[in-house]
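A structural walkthrough
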Amino acid sequence: MFEMKYDFTKIEKKWQDKWAKEETFRASDDTSKPKYYALVEFPYPSGHGLHVGHPRSYTALDIVSRKRRLEGYNVLYPMGWDAFGLPTENYAIKNKIHPKKVTAANVANFKKQLQSLGFSIDWSREVNTTDPAYYKWTQWIFLKLFEKGLAYKQEMPINWCTSCRVGLANEEVVDGVCERCGSQVVQKSKSQWMLKITAYAQRLIDDLDDVDFIEKVKIQQRNWIGRSEGAEVKFKVGETGDEILVYTTRPDTLFGATYTVLSPEHPLIDTLMPLIGNKDEVLAYRALAAGKSEFERSELTKEKTGAALAGVTALNPVNGEKLPIWISDYVMMTYGTGAIMAVPAHDTRDWEFAKKFGLPIVEVVAGGRDVQAEAYTDVTAGVMVNSGFLSGLQVKDAIRAIIDDLEAKGLGSRKVNYKLRDWVFSRQRYWGEPIPLVHCDRCGWVALPESELPLTLPEVENYEPTDNGESPLAKMDAWVNTACPACGGAAKRETDTMPQWAGSSWYFLRYIDPHNDKVLASDELMQYWLPIDWYNGGMEHTTLHLLYSRFWHKFLYDIGVVPTKEPYQKRTSHGMILGENNEKMSKSRGNVVNPDDIVQQFGADTFRTYEMFIGAFDQATPWSMQGVKGCYKFLERVWNLKGILAAGEGYSAEMESLMHKAVKKVGDDIERLKFNTAIATLMSLVNDFSRLGRVTRGEFKTFLTLLNPIAPHMTEELWAVCGYAGTIAGGKWPVYDEAKTVDDQIEIVLQINGRIRDKLLVAAGLDKDATQKAALESGKIKELTEGRQIVKVIVVPGKLVNVVVGGK
RNA sequence: GCCCAAGUGGCGGAAUAGGCAGACGCAAGGGACUUAAAAUCCCUCGGCAGAAAUGCCGUGCCGGUUCGAGUCCGGCCUUGGGCACCA
């Protein structure tokens, strides 16, 4: 019999062209249909092109999207470009090409690559963060934040990358070096735009309860926000009456405080300076601490350093005891109050410091350990000792009692703190959204009127930041000098630009209504499409992008722009694809796989199938060319099934149960992101068809539909070749009959003392007593229990019978 | 140091609620077809013993719970990820 060869190149081109021409996957704005909004993280279009990691996420949600359409949903599955950012700018500087041109070329390449994989993306909604029509709204949101007092400028020490010459957020500093270029990061003081994400800290924690995020993501976000409950306690300086406010999560240990520590940057040090006997030492220590980068400060954990403030003492508010005041860089100005009470008996850091400087150590939570030898820190429970009126109380009660007491006396109060810090929003760079503010000597910082948005980037000759760290925009006098929108007087534009996280904090809203020039998206359409039903992305975005975008969304909700508190209803995460040598893929390791090569050699359907079959979706797993070949072989076997196509619109007797089981299994597996086992099920079906030597038209029809979301091109082609009506994309997802997924006869396991001794075929639904009877009558069991005492029989109907016997 | 994953054949992995460990695929070995090779098809494929039937052992390690543990509990080890002087 003549058999057409599986010509994937031709088939894939044919269907991709058809989908593009007919706009098969265009999301409709017909709000009467049930909707489904599937989202994947839009890529940064780098010059390296698509990585095999990108399509892991894209294919997964493409499969979900295609299945949803067959289930009758109006599906939105969009794509866009997170195109501002440093690599493009650095490339532009080096090669003297405008970043706009670099971006356009990279986007074109990425788009071509994505399209070659046959994703069911609605390309009519493509967005690009560098498009002025897009960043007009990024700027608009910033102005709203500014208007509500959530954007503020502050002189503060920032992380400064010595190579990029750019301020970095804490999150962009990894192990003391720049996340992007690996160069050393130092502290530098600069006036920065900040966004008050901390104002939303509690809501960002609380509202996690209402969304379906994988637990890992929730835990990581909670940890990052870092809520802690404690108290602020006032210590008085004995000599001056000044107040030292300390934050502690353990006010119950107040009687164990043997000294206090101020951060070297603490402003009280200046106030006390006239009384300090060892000014030189103190000033020297402050200078030393200031010269260290945040990394160096945290790196030098081995040895505590510090200086005592001679001539001043703090008074413990509970007993008036005089405590020495020290300064040390193990206390951070940016957390709590920048001052602590030290309880060396029960805190490792305080203990190390006390040991080094010979300060007293007083046990206040009984633990039966020698606190002089080691800090006893396992003190979430225990009995208070050496603690005045708290002695004898349980820790839990002591905390309440001491706070009540401090509050009553006006010496302290309950306080919640968060590790989360405000978001440094300024970048001294060219390739980012201009911050649409103007500084006027008379009016201060003034927002541009909305009518002047977008404030576009001016053309510049040179994109390099200035040597003093100003953005290249600062050199553009004609652009910088402007009139104050408020008073009309001379004023200067802000020359900092926004960080890359800005455009990605709201892009999912723009997909909903990408061409609207009146509002960022219409109320009606947002009402319909939000929230996003399923958002898949990398774990690496959990604490940055995901938190930032939730923050912006909540803000937009507060000002009535968006209809939901949370942007994403469901969040899942995929694992990394490693090189064949089990290491992270990178150019330097020489283990990078280029998707284009795989598509060219085996086709997009094989590529997609392999990416989903490679392993557990949420786990890291190595690439294997042998595995790719295996998937190709599978698709080829599917292709050849048409050679054994047999009459019959229904399922054959032999296949009926298997077909119903497969429909159930594949559907369930896709919902649970178990693509590998869904594909395994389909492979088993192919094995069954081959063994039987025939596949009925009805069986093949169901099979092709189940495989279609994974391998859309070849299944559509086979559909057409076999003469089925219409297309799979225009059809329906198959249904199964639960009753037909249950076998009439079930093989149960017969055990003696938990060891399998025999197997027995019984009728499905056989009850406990009948199962037990059948088991005990089976030859093998009879033989082996002969002359032994049956102690107990465990029966799990439909599963097993375990006979527990005594010795002979 | 703290938090979160993971550890199963030669390899990727499966086992959805405590009930047949190793589905599916890859690799390997044997065979059929072929002048030959490739492709394809068939068989074998955790270890030990055995001709076989079969038996014993086996899911990182040590204990525990249970009639029964890859799965639950306690304690470790290793790897990966995140945080880290956060009071």
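Going by the structure above, here's the rest.
Residues numbered from 1 in each chain as written. Chains lettered and ligands numbered in written order. Predicted model: local features only at pLDDT ≥ 70, side-chain atom pairs only at ≥ 80, totals over all residues. Heavy atoms only, no water.

1. A look at the protein's contact with RNA strand B
Our working rule: Put simply, a residue is near a molecule or strand once any heavy atom of it comes within 4 Å of that molecule or strand. Side-chain atoms alone can form a polar contact between residues adjacent in sequence; in general such a contact is a pair of N or O atoms within 3.5 Å, and within protein one must be able to donate a hydrogen while the other accepts it. A run of DSSP states H or I qualifies as a helix once it reaches four residues; a run of E qualifies as a strand once it reaches two. Both are numbered from the N-terminal end. Under this grouping Gly is polar, as are all residues other than the nonpolar Ala, Val, Leu, Ile, Met, Phe, Trp, Tyr, Cys and Pro and the charged Asp, Glu, Lys and Arg.
Taken together, 55 residues lie near RNA strand B, and Thr 249, Arg 349, Lys 419, Arg 755 and Asn 802 sit nearest. Backbone sugar and phosphate groups make up 61% of those atoms of RNA strand B lying within 4 Å of the protein. Measuring from a base nitrogen of RNA strand B, one finds a side-chain N or O atom of Arg 421 at 2.8 Å. Within the backbone of Ile 614, one N or O atom sits 2.5 Å away from a sugar or linking oxygen of RNA strand B. The element contributing the most residues to the surface near RNA strand B is helix H21 (residues 675-692), with six residues. For the surface near RNA strand B, the class distribution of residues is 21 nonpolar, 16 polar and 18 charged.

2. Observations regarding the packing of aromatic side chains
Basically, it comes down to this: Each Phe, Tyr or Trp ring (for Trp, its six-membered ring) is paired with any other whose centre lies within 6.5 Å, and the angle between the two planes then decides the class: stacked below 30 degrees, edge-to-face above 60, tilted in between. When accessible area is computed with a 1.4 Å probe and restricted to protein chains, residues below 20% of their type maximum are described as buried, those above 50% as exposed, and intermediate ones as partly exposed. To sit over a ring, a charge needs its Lys NZ or Arg CZ within 6 Å of the ring centre and within 35 degrees of the ring normal.
Within this structure, the stated rule accounts for 47 aromatic pairs. Ring geometry for Phe 142 and Trp 193: centres 6.1 Å apart, planes at 85°, overall edge-to-face. Highlighted residues: Phe 142 in helix H5 (residues 132-147) and Trp 193 in strand S9 (residues 185-195), separated in sequence by 51 residues. We classify Trp 193 as buried; its relative accessible area is 1%. Aromatic ring contacts, followed pair by pair, group Phe 142, Phe 146, Trp 193, Tyr 200, Trp 423, Phe 425, Trp 445, Trp 501, Tyr 548, Phe 551 and Trp 552 into a single cluster. Cation over ring: Arg 68 sits above Tyr 36, and NZ or CZ is 4.4 Å from the ring centre.

3. A word on the nonpolar core
General note: in soluble globular proteins, nonpolar side chains tend to be found buried as a group. How we decide: Here, nonpolar core refers to any group of buried Ala, Val, Leu, Ile, Met, Phe, Trp, Tyr and Cys residues whose side-chain atoms link them within 4.5 Å. Note on contacts: a residue pair is in contact if any heavy atoms of the two residues lie within 4.5 Å.
Judged by nonpolar contacts, the single largest core of 83 residues is most densely connected at Phe 142 and Trp 552. Broken down by element, this core gets its largest block of residues, eight residues, from H5. Apart from the residues lying within four places of it in its own chain, the contact partners of Trp 552 are Thr 138, Ile 141, Leu 145, Leu 195, Trp 423, Phe 425, Ala 502, Ser 505 and Trp 506.

4. Observations regarding the packing of helix H1 (residues 8-22) against helix H23 (residues 712-721)
Using the following cut-off: Lines are fitted to the C-alpha atoms to define the axes, a helix being fitted only along its stretch in contact, and any angle between axes, read from their N-to-C directions, falls within 0 to 180 degrees. Oblique is the label for any angle not under 35 degrees, not over 145, and not in the 65 to 115 range, which are roughly parallel, roughly antiparallel and roughly perpendicular in turn.
At a minimum axis distance of 9 Å, the contact between H1 and H23 shows a crossing angle of 90°. One element, H1, and the other, H23, form an angle in the roughly perpendicular class. Taken together, the residues of H23 that come into contact with H1 (itself represented by Ile 11, Glu 12, Lys 14, Trp 15, Gln 16 and Trp 19) are Pro 712, His 713, Met 714, Glu 716, Glu 717 and Ala 720. Classifying every residue of the contact of H1 with H23 by side-chain character gives six nonpolar, two polar and four charged.

5. Observations concerning helix H16 (residues 545-558)
Convention followed: What a helix should span is 1.5 Å times the count of its residues minus one.
Between its first and last C-alpha atoms H16 spans 20 Å; for 14 residues at 1.5 Å apiece the expected length is 20 Å, and the two agree. The element H16 is largely enclosed, with a buried count of twelve among its 14 residues. The complete set of buried residues in H16 reads His 545, Leu 546, Leu 547, Tyr 548, Ser 549, Arg 550, Phe 551, Trp 552, His 553, Lys 554, Phe 555 and Leu 556. Of the residues trailing H16, Gly 560 is marked for its positive phi of about 80°.

6. Quick word on the packing of helix H19 (residues 625-640) against H23
Their axes nearest at 10 Å, the elements H19 and H23 cross at an angle of 10°. Comparing their axes, H23 and H19 come out roughly parallel. Residues Leu 635, Val 638 and Trp 639 of H19 touch H23, and the partners they reach there are Met 714, Glu 717 and Leu 718.

7. Section: the pairing of strand S14 (residues 307-315)
Counted only if it meets this: Should DSSP find at least two bridges between two strands, the strands are taken to pair.
Summarising the sheet, strand S11 (residues 227-237) and S14 pair through two bridges and their orientation is antiparallel. Each residue of the ladder has a partner; that of Lys 236, found in S14, is Leu 315. As judged from the five bridges shared by S14 and strand S15 (residues 322-327), these two strands associate in the antiparallel manner. By the bridge assignment for S15, Leu 315 is matched with Lys 322. Between S14 and S15, which follow one another and run antiparallel, lie six residues, and Gly 320 among them has a positive phi close to 70°.

8. Topic: the pattern of salt bridges
To be explicit about the condition: Salt bridges are defined as contacts in which a side-chain nitrogen from Lys or Arg sits within 4 Å of a carboxyl oxygen from Asp or Glu.
With the rule as written, the count across this model stands at 45 salt bridges. Glu 22 is paired through a salt bridge with Lys 18; the nearest N and O atoms lie 3.2 Å apart. Here Glu 22 and its partner Lys 18 are both found in helix H1, four residues apart, which amounts to about one turn of the helix. Taking the shortest distance from any N to any O, the salt bridge between Lys 67 and Glu 671 comes out at 2.5 Å. Of the two residues, Lys 67 is situated in helix H2 (residues 54-70) and Glu 671 in helix H20 (residues 656-671); the sequence distance between them amounts to 604 residues. Connected through salt bridges with shared partners, the residues Lys 67, Arg 68, Glu 71 and Glu 671 form a single ionic network.

9. Some details on the pairing of strand S32 (residues 800-805)
Pairing of strand S29 (residues 745-752) with S32, which is carried by four bridges, proceeds in the parallel orientation. Bridging from a neighbouring strand, Ile 752 pairs with Val 803 of S32. Pairing geometry for strand S31 (residues 790-796) and S32, over six bridges, is antiparallel. Following the sheet pairing, Ile 794 is matched in S32 by Asn 802. Hairpin remark: S31 followed by S32, antiparallel, with three residues in the connecting loop; positive phi at Gly 798, about 80°.

10. Structural notes on the sheet that holds strand S1 (residues 35-40)
Across the sheet, which stays open at both edges, the five strands sit in the order S2-S1-S23-S24-S10 with parallel pairing between neighbours. Every interior strand has two partners, whereas the edge strands, strand S2 (74-76) and strand S10 (212-213), have only one. Strands S1, S2, strand S23 (534-538) and strand S24 (570-574) of the sheet are contacted by H2, whose axis makes an angle of about 170° with S1.

11. Structural notes on the sheet that holds strand S21 (residues 481-483)
As summarised here, the arrangement of the four strands in space is S20-S19-S22-S21, forming an open sheet in which the pairing is antiparallel. In this open sheet, the two strands that pair with only one neighbour each are strand S20 (444-447) and S21. Adjacent strand axes in the sheet meet at a mean angle of 45°, parallel and antiparallel pairs treated alike. The pairing of S21 with strand S22 (residues 490-493) spans three bridges and is classified as antiparallel. Bridged to Asn 481 within S22 is Lys 492.

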